[in-house]
Amino acid sequence: MPRIPQWDWIVNRKNNYESHCFAVRNRIICEQTGLHKVMILNTFAYGAMLFLDDSLQSSELDEFIYHETLVHPAIINTAENISVLIIGGSEGATLKEVLKHRNVIKADMVDIDGKLVEICKEHLLNWHQGAFLDQRVSLFIGDGLEFLKKERKYDVIIFDLTEPSPNSHSTGLFSMESLETVKKSLNPGGIFCTNICLLDLHGNEIFKKTLMEIKRTFAYAYPFCSCIPSFSGLFSFAVASDSKFNPKKTSKKEIKQRIKSEISGKLRFYDENMHRALFALPPYVERQ
């Protein structure tokens, strides 16, 4: 057996039976914000990596896969002059992807952890690429659900949160009561999109429970997934609306035309082929 180099290692637990280890060049920052233990580590394999409470959130090398997957399948189905709300998304990368759409005239972002946002602004420039400075952006620090209760209206609402596991700060946002508040905050024809969790072969209770709540709240809901290398597997998402739409049936030609006319800036993962592929779920996931 080859000898393992004597680097420092960070271990990210995938489930009760598996973990993924990353060799660390150096520690960029380790701080406690009051809500989270925040670590940004410079790794050999993935560059800078953000961990919250010892759980991997995103990496410099493949964040574009996660964030393009989360944002574009939802916004590509919208009309002109839209307003977008992001709840969470401290890295600013979701915001960066939203702003690539020329039809976005307003982008609000609400994150409960102001210190975390400031850390990301300073240390994760490759993630946000200055998106916080765009004139269309308003940043609010506070509870996302309380923010929505102030009768604000949006065309697209995006959750970019920690996984809704039992001990997560985000779990309450996926209750049926919270999702009803989200629905009431959407303009007619509005779209809700969210990350959910990592999928594996040992049971997907978080995915099943969260998707069930979304389907109980919205008339139309579609799960989709993408392989995120640093997460060691398929990561699940969902898009939903009370207005009739089916992103699975949007033609490749139409998606290609919309990308050309609506998106400024480079896309490294999402295109007309990937759009259709994202919604082609493996049977073991489709049957959840």
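See above for the structure.
Residue positions are counted from 1 within each chain, in the order its sequence is given. Under the rules for a predicted model, residues below a pLDDT of 70 receive no local features and side-chain atom pairs below 80 are neither given nor counted, while totals for whole chains, interfaces and linings still include all residues. Computation of side-chain values covers all heavy atoms of the structure but excludes hydrogens and water.

1. Notes on the nonpolar core
- The set of buried Ala, Val, Leu, Ile, Met, Phe, Trp, Tyr and Cys residues whose side-chain atoms join them within 4.5 Å is what this entry labels a nonpolar core. When a residue's accessible area, from a 1.4 Å probe over protein chains only, is under 20% of the maximum for its type it is buried; when over 50% it is exposed; and in between it is partly exposed. Ranked by internal contacts, the top residues of the largest apolar core, which has 51 residues, are Phe51, Ile75, Val84, Leu95, Val98, Ile158 and Val239.
- The numbering of helices and of strands both runs from the N terminus, where a helix is a DSSP run of H or I of at least 4 residues and a strand a run of E of at least 2. Considering every element that reaches this core, the biggest residue donor is helix α1 (residues 63-75), with seven residues.
- Here, two residues are considered to be in contact whenever any of their heavy atoms come within 4.5 Å of each other. When sequence neighbours within four positions are dropped, the list of residues in contact with valine 239 reads Ala74, Ile191, Phe192, Cys193, Tyr220, Ala221, Tyr222, Phe224, Phe245, Pro247 and Phe279.
- Judged by nonpolar contacts, the second largest core, of 29 residues, contains Leu179, Val182, Cys197 and Phe218.

2. Description of the packing of aromatic side chains
- Centres within 6.5 Å are what make two rings of Phe, Tyr or Trp a pair, Trp counting through its six-membered ring; a difference in plane orientation under 30 degrees is then read as stacked, over 60 as edge-to-face, and the rest as tilted. Taken as a whole and assessed by the stated rule, the structure comprises 13 aromatic pairs.
- Measuring from centroid to centroid gives 5.6 Å for tyrosine 66 and phenylalanine 237, while their planes differ by 50°, and the two rings are tilted. Note that tyrosine 66 is positioned in helix α1 and phenylalanine 237 in strand β12 (residues 233-241), a separation of 171 residues in sequence. Note on accessibility: tyrosine 66 and phenylalanine 237 belong to one class, buried.
- With 5.6 Å between their ring centres and 10° between their planes, phenylalanine 192 and phenylalanine 218 make a pair best called stacked. With a gap of 26 residues between them, phenylalanine 192 in strand β10 (residues 186-198) and phenylalanine 218 in the loop between α7 (205-217) and β11 (220-228) connect regions that are remote in the sequence.

3. Describing the sheet that holds strand β3 (residues 37-43)
- One open sheet accounts for five strands, arranged β1-β2-β3-β4-β5; its pairing is antiparallel. Each of the sheet's edge strands pairs with one partner strand only, and the pair in question is β1 (8-13) and β5 (55-59). If you compare each strand with its neighbour and ignore which way they point, the axes differ by 50° on average. Two strands qualify as a pair provided that DSSP identifies no fewer than 2 bridges between them. Each axis is a line fitted through C-alpha atoms, and for a helix only the stretch in contact is used; angles between axes span 0 to 180 degrees, taken between their N-to-C directions.

4. Brief notes about the side chain of serine 241
- Mapped onto the fold, serine 241 is located in strand β12.
- From its side chain, serine 241 meets the backbone oxygen of glycine 190 in a polar contact 2.7 Å long.
- Residues within four places of serine 241 in sequence aside, it is in contact with Gly189, Gly190, Ile191, Phe218, Ala219 and Tyr220. The term polar contact refers here to a pair of N or O atoms within 3.5 Å; inside protein, the definition further demands a hydrogen-donor-capable atom paired with an acceptor-capable atom, and it admits residues adjacent in sequence only when both atoms are side-chain atoms.

The analysis is restricted to geometry; functional conclusions fall outside its scope.
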